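# Results of the structural survey
Chain by chain, the residues:
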Amino acid sequence: MASGVKPRVKVPKSAAAGEAITIKTLISHNMESGQRKDSDGNIIPRSIINRFTCDFNGQNVIDITLEPAISTNPYFEFEALVPEAGEFKFTWYDDDGDVYEDAKPIAIA
Amino acid sequence: MKNTMLRTAVAAAALLSAPAFADEDANLVINDEIEITVRAAAPAHMENVDEIFSGWVFRSDETQAMQVDDFDNPGMIWVEAGAETFASVDGSEGKSCASCHNSPEDLAGVKAVYPKWNEAAGEVRTIQMQVNDCRENRMGAEPWKIDSGDMLNMEALLASVSRGVPVNVAIDGPVQSTWEQGKEIYYTRFGQLELSCANCHEDNYGNMIRADHLSQGQINGFPTYRLKNAKLNGVQGRFKGCVRDTRAEPFSAGSPEFIALELYVASRGNGLSVEGPSVRN
């Protein structure tokens, strides 16, 4: 089911030490709820991203549980404090066991 | 004929008390670089309207904001998909779009002049018909259905590289009779509700029709990502929705009637920028 899944992340290239930056993430995913039926009346099995996490230099920034009511192509926007130069690591967990990852470095200006 | 200034002022005053706020004075700049003309003087052929507005003007602040940055515009997901298709080989000739056109950016400005006359075929062509002509005759590939997923992705890609270019559809010469036919359809009342396009989009833009804030029905922003169905929507599919809502039997996408109507409605937006893929509700 995991076709056409593509994570996207937008993080500023640099920030001042201690600055709160805005991070935007988007992953293209069907987010099949498990509530719908196909044309023959059979239930289409649930297939969603069930968890999203963001870590900065090994420290957790945000950990989100996603539920079936969340619509297709889930988008998150959140703020994070940047105490030092480092790397943001993003992870999406799919119902089918797949894990999608992306990472963005950030420098201190 | 009508005092548009007065009507706009009244509509704005009514909006202050309405729940669906829209910033009608806002300007649209995408990614801090592409300036979009969202209001312009009406083209000379429009007799009843002085100023034309992109549908973006009529949307709520939140919806407007989604179009300001490509990352926030969900329609760009399908533009990316279109770019992949652009570069992939299909059909018996072993060609992709890129084999002839190099990059999508080489086709910047193309979307702005469609629908237009094709001399060799002797017909008015929408950009979707032209894409299919390439697929069939140059690539030896199966044509896509009008407003199908692949087709809308490609149209969205072609629109995205033309953003900021003013719509400039020709209405004279060989296309004139088709244009007249489109105009005829625009002003013809259809369905049990006996509504023409003009009843809503010319006489009542800016007003509410139940929960919807009526726009001028401009198509410069197509293909459009609609929040209601979370996917790209084509012009002729949208026409179908409108005609259906008048409780009439709609023409089908790709029919001569809708090709004529697309030409006419596109010409009503001459002067606005190409904006697709836009975000609407």
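Being a predicted model, the structure only gives us computed values, none of them experimental.

### So, the packing of helix 3 (residues 76-87) of chain B against helix 6 (residues 149-160) of chain B
Residue and element names in this part refer to chain B. Their axes nearest at 7 Å, the elements helix 3 and helix 6 cross at an angle of 100 degrees. With respect to helix 6, the element helix 3 is oriented roughly perpendicular. On the side of helix 3, the interface is formed by Trp78, Val79, Ala81, Gly82, Ala83, Thr85 and Phe86, while helix 6 contributes Asn153, Met154, Ala156, Leu157 and Ser160. Counted by class, the contact of helix 3 with helix 6 contains 8 nonpolar, 4 polar and no charged residues.

### Thoughts on the sheet that holds strand 11 (residues 278-280) of chain B
Residue and element names in this part refer to chain B. The sheet built from 3 strands is open, its strands ordered 10-9-11 with mixed pairing. Each of the sheet's edge strands pairs with one partner strand only, and the pair in question is strand 10 (231-233) and strand 11. Each adjacent strand pair in this sheet contributes to an overall mean axis angle of 40 degrees, direction not counted. For strand 9 (residues 224-226) and strand 10, the ladder comprises 3 bridges, and the chain directions are antiparallel. Pairing of Arg226 across the sheet is with Lys231, part of strand 10.

### A few points about the interface of chain B and chain A
The partner chain A presents 11 residues to the 7 residues of chain B that form the contact. Both sides of the chain B and chain A interface together cover about 810 Å² of buried area, and 54% of this is carbon and sulfur. On the chain B side of the contact with chain A, Phe71, Ile77 and Glu80 of chain B bury the most area, a combined 67% of that side's loss. At the junction of chain B with chain A, the criterion picks out 4 salt bridges. One salt bridge in this structure joins Glu80 of chain B and Arg8 of chain A, with 2.8 Å as the shortest N-O distance. Taken together, chain B and chain A are joined by 5 residue pairs in polar contact (both at pLDDT 80 or more).

### As for the sheet that holds strand 6 (residues 75-82) of chain A
Residues and elements named next belong to chain A. Taking strand neighbours across the sheet as the criterion, the 3 strands line up as 1-3-6 in an open arrangement whose pairing is antiparallel. Bordering the open sheet on either side are strand 1 (6-10) and strand 6, each of which pairs with just one other strand. The sheet shows a mean angle of 25 degrees between the axes of neighbouring strands, taken without regard to direction. When strand 3 (residues 19-28) meets strand 6, the two strands line up antiparallel, connected through 8 bridges. By the bridge assignment for strand 6, Glu19 is matched with Val82.

Rules used in this analysis
- Residues numbered from 1 in each chain as written.
- Chains lettered and ligands numbered in written order.
- Predicted model: local features only at pLDDT ≥ 70, side-chain atom pairs only at ≥ 80, totals over all residues.
- Heavy atoms only, no water.
- Axes fitted to C-alpha atoms, helices over the stretch in contact; angles between N-to-C directions.
- Helix = DSSP H or I, 4+ residues; strand = E, 2+ residues; numbered from the N terminus.
- Parallel < 35°, antiparallel > 145°, perpendicular 65-115°, else oblique.
- Contact = heavy atoms within 4.5 Å.
- Nonpolar A, V, L, I, M, F, W, Y, C, P; charged D, E, K, R; others polar.
- Pairing = 2+ DSSP bridges.
- Buried area = accessible area lost by both parts, 1.4 Å probe.
- Salt bridge = Lys/Arg side-chain N within 4 Å of Asp/Glu carboxyl O.
- Polar contact = N/O pair within 3.5 Å; in protein donor to acceptor, adjacent residues only side chain to side chain.

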